[in-house]
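What the coordinates show
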Amino acid sequence: MRLSGGDGRKLLNIFELVVNASNESEILITNERVLQIVQQNTVLYDKTGEQHYDIVSAFIKSIRGSDPNAAVYWLARMIEGGEDVKFIARRMLILSSEDIGNANPTAFIMANNTFQAVSTIGYPESRIILSQCAIYLATSPKSNASYMAIGNAQQVVKETGDLPVPIPLRNAPTKLMKELGYGDEYKYAHDFANNFADQEFLPEAISKTTFYEPGNNSRENGTREFLKNRWKDKYGY
C-alpha cells in the first residue's frame, strides 16, 4: 500500500510482481518480501499511465519553481523507472524556452546539447547529464515572456485576420511592384545612428500593440531599457 502511493494500477502491478516471483502454491506476502521483489524490478513506473504524467509534471514544476532538490528527486524516479532519456531531455528543452527564455538564453543551448548528448549516449551515463541540466535549469532565472508574447500575437492574428503588410516593408521582385512603390520608404537600419530607424513595422490597424513584455530579471530589465531607449513611449516600455 505504501509503495503504490494510492495508485490502484501500481498496487495491482506490485501484487502481480509478488505472485509471479513465487513458485509455491501458497504465497505469503510480507513487507520484507514485497520490498525485496520491488527493488529488483523497475516495471512499477507505468510509462503510459497516469503516474507517468504525474511524475513528469512534478519534475517540470519543480524546475519551474527553482527547486533543484525536488527536480533531481523526480528525475531519479523517472530514471529508476526506465523512462526514455529523450523524453526527459525533450521536456527540459521545451521548459528552457517556455519558462526561462531570454532571462538566460544559455539555458536553451544547455538543454539542446543535453538532448543531443543523451540521444547518443543512453543509460546509465545519461543520468549524469540529465541531472546537470535539470539543476542548471532549476537554478536559472525564470521568464515566460517569450511564451506569452507568441500567445498574445497569435490571439491578435485570430481576431484581426490577414492584415496587409505595410508598403515600405513589402518585397519588390517585379517592375510593377517597384512602380507601385513597394519598399520605397523602407529605412535600412544600418544607415542610421545606433543601427536604428524609427519606422512602423506593424499593420496600421494594430500599430503600437505590445506583444512582448520583458520579464522582471536582470537580463530582460536590460532589454526593457534598450526598447524604451529605441521606441520611447510607443510600446509603453
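These numbers were taken from a predicted model, which means no experiment stands behind them.

Basis of the calculations
- Residues numbered from 1 in each chain as written.
- Predicted model: local features only at pLDDT ≥ 70, side-chain atom pairs only at ≥ 80, totals over all residues.
- Heavy atoms only, no water.
- Salt bridge = Lys/Arg side-chain N within 4 Å of Asp/Glu carboxyl O.
- Helix = DSSP H or I, 4+ residues; strand = E, 2+ residues; numbered from the N terminus.
- Buried < 20%, exposed > 50% of the residue type's maximum accessible area, 1.4 Å probe, protein only.
- Polar contact = N/O pair within 3.5 Å; in protein donor to acceptor, adjacent residues only side chain to side chain.
- Expected span 1.5 Å × (residues − 1).
- Arc of directions from axis to C-beta.
- Contact = heavy atoms within 4.5 Å.
- Axes fitted to C-alpha atoms, helices over the stretch in contact; angles between N-to-C directions.
- Parallel < 35°, antiparallel > 145°, perpendicular 65-115°, else oblique.
- Left-handed = near helix turned anticlockwise from the far one by under 90°.
- Phe/Tyr/Trp six-rings, centres within 6.5 Å; stacked < 30°, edge-to-face > 60°.
- Core = buried A, V, L, I, M, F, W, Y, C linked by side-chain atoms within 4.5 Å.
- Nonpolar A, V, L, I, M, F, W, Y, C, P; charged D, E, K, R; others polar.

Moving on, we get to the pattern of salt bridges. By the definition in use, this model includes three salt bridges. Here Arg64 makes a salt bridge to Asp99, at a shortest N to O gap of 2.9 Å. Pair noted here: Arg64 is in helix α3 (residues 50-64) and Asp99 is in helix α5 (residues 85-100), with a separation of 35 residues, a long-range link. For Arg64, a relative accessible area of 36% corresponds to the partly exposed category. Residue classification places Asp99 among the buried positions, given a relative accessible area of 8%. Between Glu213 and Arg224 there is a salt bridge, with the nearest N and O atoms lying 2.8 Å from each other. A residue pair is termed long-range when its members are at least 10 positions apart, and Glu213 in the loop between α9 (175-179) and α10 (218-231) and Arg224 in helix α10 qualify at eleven residues. Classification of Glu213 as partly exposed rests on a relative accessible area of 42%.

Our next topic: the side chain of Thr114. Looking at the secondary structure, you find Thr114 in helix α6 (residues 106-121). Separated by 2.9 Å, the side chain of Thr114 and the backbone oxygen of Met110 make a polar contact.

The omega angle of the peptide bond from Tyr123 to Pro124 is 0°, so this bond is cis rather than trans. Among the structural elements, Pro124 can be located in the loop between α6 and α7 (126-138). Within the chain, Asn194 stands out as a residue other than glycine whose phi angle is a positive 60°. With respect to the element layout, Asn194 can be found in the loop between α9 and α10.

Turning to α10, a few remarks are in order. Taking 1.5 Å of rise per residue, 14 residues should cover 20 Å, and α10 covers 20 Å from first to last C-alpha, within 8% of that figure. Buried residues of α10: Glu220, Arg224, Leu227, Arg230 and Trp231, and no others. Looking down the long axis of α10, one finds its buried residues gathered within 135° of arc, a one-sided arrangement. Turning to α10, the residues buried within the fold contact α8 (145-160). Looking at the residues trailing α10, positive phi occurs at Lys232, about 55°.

Next up on the list: the packing of α5 against α7. At a closest axis distance of 11 Å, the pairing of α5 and α7 adopts a crossing angle of 15°. Comparing their axes, α7 and α5 come out roughly parallel. Crossing handedness for the pair α5 and α7: left-handed. Seen from α5, the contacting residues are Val85, Ile88, Ala89, Met92, Leu95, Ser96 and Ile100; seen from α7, they are Ser126, Leu130, Cys133, Ala134 and Leu137.

A few words now on the packing of aromatic side chains. For the coordinates displayed, the defined rule picks out five aromatic pairs. Between Phe196 and Trp231 the ring centres are 4.9 Å apart and the planes differ by 85°, which places this aromatic pair in the edge-to-face class. Of this pair, Phe196 sits in the loop between α9 and α10 while Trp231 is found in helix α10, placing the two residues 35 residues apart along the sequence. Centroid distance Trp231 to Tyr235: 5.6 Å. Interplanar angle 80°. Geometry classified as edge-to-face.

This part covers the nonpolar core. Membership of the largest hydrophobic core comes to 26 residues, with the highest contact counts inside it found for Phe59, Ile63, Leu75, Ile88, Met92, Leu130 and Leu137. The element best represented in this core is α5, accounting for eight residues. Non-local contacts of Met92, meaning those with residues more than four positions away in its chain, are made with Phe59, Ile63, Ala111, Thr114, Leu130, Cys133, Ala134 and Leu137. Formed by eleven residues, the second largest nonpolar core is a distinct cluster that contains Ala145, Ala149, Ile206 and Trp231.

We now examine the packing of helix α4 (residues 68-80) against α7. Closest axis-to-axis distance for the α4/α7 pair is 9 Å, and the angle between their directions is 150°. Between α4 and α7, the angle is such that the two are roughly antiparallel. The two elements α4 and α7 cross, and the hand of that crossing is right-handed. Here Pro68, Val72, Leu75 and Ile79 of α4 lie close against α7, whose contacting residues are Arg127, Leu130, Ser131, Ala134, Ile135 and Ala138. Looking at the contact of α4 with α7, its residues break down into eight nonpolar, one polar and one charged.

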